[in-house]
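Below, each chain spelled out in residue letters.
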Amino acid sequence: MTTESNFKDYRWASNPPLKKALSKGPYMFGLLAVPFIEKYGAECKEYIHDFIYEMAIDSGKKRAEKTVAAGGDIDDLLGWERRGIEDFGAEGMNSPGFDDPAREWKGKTKPLTVVNLSKCEGCETDTVGAWKELGYDADTIRMLSQIFCWPWDEGARKGFNPRIKFSFNKLEPEGDEYCEFVTEITDESSYESTYHERRN
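So, a few notes on the structure that sits alongside this text. Predicted, not measured: the structure shown is a model, and the values here were computed from it.

A few words now on the side chain of Thr113. Take Thr113: it is sitting in strand β2 (residues 112-117). Among the polar contacts listed, one links the side chain of Thr113 to the side chain of Glu81, at a separation of 3.0 Å.

So, in structure tokens, the structure goes:
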């Protein structure tokens, strides 16, 4: 049994409850993550972030392999966006199409994409609504976005191409009306996340 004193040595079981929660969407993630964080604090929060980030890195690397195998270019962010839409569709997720008006482009070039969505392409449910349904306040919802939305979106892109720099111009769980994703090819190559920069 996990206690506060041995959390540092704790590892998820072979069938990780966190991974199960992620597969059920933001409601189950919030239901599991918040009690753990309340009990174990910042160390637990960072562990959850890193767990999701590493899963996302692996996902991005697999997408890069598929892209290269199909003759694509990992420096082409429009190709990244198109493949993402196709992948979500293949998984049965509802994501606006490349030219769907619900996907509003503010930047649409190979080295830079800026797009906003009224509904996150990876979440079939209303993320903020799910966390509000659990009774979480604005601060808790913002905290969850730092370890749920950010690590997945940043990690998947870094895994696809470590020269990618990613940020949210707007993020609904932080109080904005929609999410706006900024993805850019840079000269710097790194798999490091921006978690420690963002949490301060």
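After presenting the structure, the write-up continues.
Right, let's talk about the packing of helix α2 (residues 26-40) against helix α3 (residues 42-69) for a bit. For the pair α2 and α3, interaxial distance at closest approach is 6 Å and the crossing angle is 145°. Of α3, the residues touching α2 (which contributes Phe29, Ala33, Phe36, Ile37 and Tyr40) are Ala42, Glu43, Cys44, Lys45, Ile48 and Ile52. Residue composition of the contact of α2 with α3, by class: nine nonpolar, no polar and two charged.

Okay, the sheet that holds β2 next. Here we have four strands laid out as an open sheet, ordered β1-β2-β4-β3, and antiparallel in their pairing. The sheet is open, and its two borders are formed by β1 (103-108) and β3 (164-170), each paired with just one other strand. Averaged over all neighbouring strand pairs, the angle between strand axes comes to 15°, with direction disregarded. When β3 meets strand β4 (residues 179-185), the two strands line up antiparallel, connected through six bridges. Residue Lys165 lies in a different strand from β4, and its bridge partner there is Glu184. Against the sheet, helix α4 (residues 77-90) contacts β1, β2, β3 and β4, and its axis sits at roughly 35° relative to β2.

So, on to the nonpolar core. Within soluble globular proteins, side chains that are nonpolar tend to cluster in buried spots. Judged by nonpolar contacts, the single largest core of 32 residues is most densely connected at Phe29, Ile48, Trp131, Leu144 and Ile147. No other element matches α2, which puts five residues into this core. Grouped together as the second largest cluster of nonpolar side chains are eight residues, Ala56, Leu77, Trp80 and Ala156 included.

Here the focus is the packing of α2 against helix α6 (residues 138-147). Two elements in contact, α2 and α6, have axes separated by 11 Å at closest approach and are oriented at 100°. On the basis of their axis angle, the class for α2 and α6 is roughly perpendicular. Together, Phe29, Gly30, Ala33, Val34 and Ile37 of α2 and Thr140, Met143, Leu144 and Ile147 of α6 make up the contact between the two elements. Partitioned by chemical class, the residues of the contact of α2 with α6 number seven nonpolar, two polar and no charged.

What follows is about the layout of surface pockets. Considered as a void within the structure, the second largest pocket measures approximately 280 Å³ in volume. Along the walls of the second largest pocket sit 16 residues, with Glu154, Lys158, Lys165, Thr194 and Glu197 positioned nearest its centre. Those elements that provide at least two residues to the lining of the second largest pocket are α7 (149-160), β3 and α8 (195-199). Element by element, the count of residues in the lining of the second largest pocket is highest for β3, at four residues. Grouping the constituent residues of the lining of the second largest pocket by class yields three nonpolar, six polar and seven charged.

Conventions we followed
- Residues numbered from 1 in each chain as written.
- Predicted model: local features only at pLDDT ≥ 70, side-chain atom pairs only at ≥ 80, totals over all residues.
- Heavy atoms only, no water.
- Helix = DSSP H or I, 4+ residues; strand = E, 2+ residues; numbered from the N terminus.
- Polar contact = N/O pair within 3.5 Å; in protein donor to acceptor, adjacent residues only side chain to side chain.
- Axes fitted to C-alpha atoms, helices over the stretch in contact; angles between N-to-C directions.
- Contact = heavy atoms within 4.5 Å.
- Nonpolar A, V, L, I, M, F, W, Y, C, P; charged D, E, K, R; others polar.
- Pairing = 2+ DSSP bridges.
- Core = buried A, V, L, I, M, F, W, Y, C linked by side-chain atoms within 4.5 Å.
- Buried < 20%, exposed > 50% of the residue type's maximum accessible area, 1.4 Å probe, protein only.
- Parallel < 35°, antiparallel > 145°, perpendicular 65-115°, else oblique.
- 1 Å grid on protein atoms, 1.4 Å probe; cavity = no way out; pocket = protein on both sides within 12 Å on 5 of 7 lines; lining within 4 Å.
- Points joined across faces, edges and corners; volume = space filled by probe spheres on them.

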